[in-house]
Amino acid sequence: NAEKAGIIPGDSIASIAVTKSNVVGDNAIEESTQVRGCECLDFDNTMSVLANFPGDASEVYMNLKRIRRWPKVQVRVEYPPSQCAEGVSNVREIELFAGENLRRALLNRGIIMDDPEAPKCDFCGGKCTVRVMRGMGLLNPIGTTEEKLMKRNPKCRLSCKTTVGYNMQEGELQLRVNLRQW
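In this text, all values refer to a predicted model and were calculated from it rather than measured experimentally.

**Digging into the sheet that holds strand E3 (residues 61–66)**
One open sheet accounts for three strands, arranged E2-E1-E3; its pairing is antiparallel. With partners counted over all chains shown, the strands left at the sheet margins are strand E2 (28–37) and E3, one partner each. Between one strand axis and the next, the sheet turns by 20° as a mean value, whatever way the strands run. Here helix H2 (residues 43–51) sits on the sheet and contacts strand E1 (11–24) and E2; the angle it forms with E1, its principal contact strand, is near 10°.

What follows is the structure in structure tokens.
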């Protein structure tokens, strides 16, 4: 029955309701609704609420809450070796959520985008150009203006105009930052 009702694994029953209709007086209909909450109850207590629900209603309404995990993108960020101290890895592994702006997400996770020779971006005023080594399909489609700016560098994107995990995709992305230092 759960499958026919559209209940899938991970759903949580929040409450159960029954509406009763009673004829009162001269064709007047009075409706009353009984609701029993069962959100955050364990299995035995939820079954108790279901089994002990009063009334003989022909229809019972369940209020469900669907729990969904937000898609994540695993990102490998590579710095130019010249910008790292001796013995320090030039690679950082971070995790971003689908729908995040790439530039803000990188900066929030401590990625330093400081290329002294790079021109400033016309949109954000920073130095936000990144090279996508793998995972271009995980990013939003390139806009017309960005496409014209990146005509000579088709593997590059302006991180301030890029959304990670476009259309709620998961996967792996590999980037290079501070491109003029490579």
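**Some points on the layout of surface pockets**
When its volume is computed, the largest pocket comes out at roughly 500 Å³. Of all the secondary structure elements, the ones that give two or more residues to the lining of the largest pocket are strand E6 (129–134) and strand E7 (156–158). Split by residue class, the lining of the largest pocket holds 11 nonpolar, three polar and seven charged.

**Comments concerning the environment of Leu149**
Here Leu149 shows up in helix H4 (residues 144–149). For Leu149, a relative accessible area of 47% corresponds to the partly exposed category. Those residues in contact with Leu149 that sit more than four places away from it in its chain are Phe123 and Leu158.

**Some remarks on the nonpolar core**
Membership of the largest hydrophobic core comes to 27 residues, with the highest contact counts inside it found for Val75, Leu106, Ile111, Leu173 and Leu175. Of all the secondary-structure elements, those providing two or more residues to this core are strand E4 (72–78), strand E5 (91–97), helix H3 (102–108), E6, E7 and strand E8 (171–176). Sequence-distant contacts of Leu106, that is, excluding residues within four places in its chain, are made with Val77, Ile94, Ile111, Met113, Val130 and Leu175. By size, the runner-up hydrophobic cluster in this structure holds five residues, among which are Ile16, Val18, Val49 and Phe53.

**A closer look at the sheet that holds E7**
A sheet is described by the order of its strands in space; here five strands give the open sequence E5-E4-E8-E6-E7, paired in mixed fashion. With one partner strand each, in any of the chains shown, E5 and E7 form the two edges of the open sheet. Each neighbouring strand pair of the sheet contributes to a mean axis angle of 35°, computed without reference to strand direction. Bridge count between E4 and E5: seven bridges; the pairing is antiparallel. Looking across to E5, one finds that Val77 is bridged to Arg92.

**Some words on the environment of Tyr166**
Relative to the helices and strands, Tyr166 resides in the loop between E7 and E8. Placed 26 residues apart in sequence, Tyr166 and Asn140 show a C-alpha to C-alpha distance of 5.1 Å. Among all residues touching Tyr166, those that are not within four sequence positions of it are Leu138, Leu139, Asn140 and Pro141.

**Points about the packing of aromatic side chains**
One pass over the structure, following the stated rule, counts zero aromatic pairs. Lying across the ring of Phe123, Lys161 places its NZ or CZ 4.4 Å from the centre.

Rules of the game
Residues numbered from 1 in each chain as written. Predicted model: local features only at pLDDT ≥ 70, side-chain atom pairs only at ≥ 80, totals over all residues. Heavy atoms only, no water. Pairing = 2+ DSSP bridges. Helix = DSSP H or I, 4+ residues; strand = E, 2+ residues; numbered from the N terminus. Axes fitted to C-alpha atoms, helices over the stretch in contact; angles between N-to-C directions. Contact = heavy atoms within 4.5 Å. 1 Å grid on protein atoms, 1.4 Å probe; cavity = no way out; pocket = protein on both sides within 12 Å on 5 of 7 lines; lining within 4 Å. Points joined across faces, edges and corners; volume = space filled by probe spheres on them. Nonpolar A, V, L, I, M, F, W, Y, C, P; charged D, E, K, R; others polar. Buried < 20%, exposed > 50% of the residue type's maximum accessible area, 1.4 Å probe, protein only. Core = buried A, V, L, I, M, F, W, Y, C linked by side-chain atoms within 4.5 Å. Phe/Tyr/Trp six-rings, centres within 6.5 Å; stacked < 30°, edge-to-face > 60°. Lys NZ or Arg CZ within 6 Å of the ring centre and 35° of its normal.

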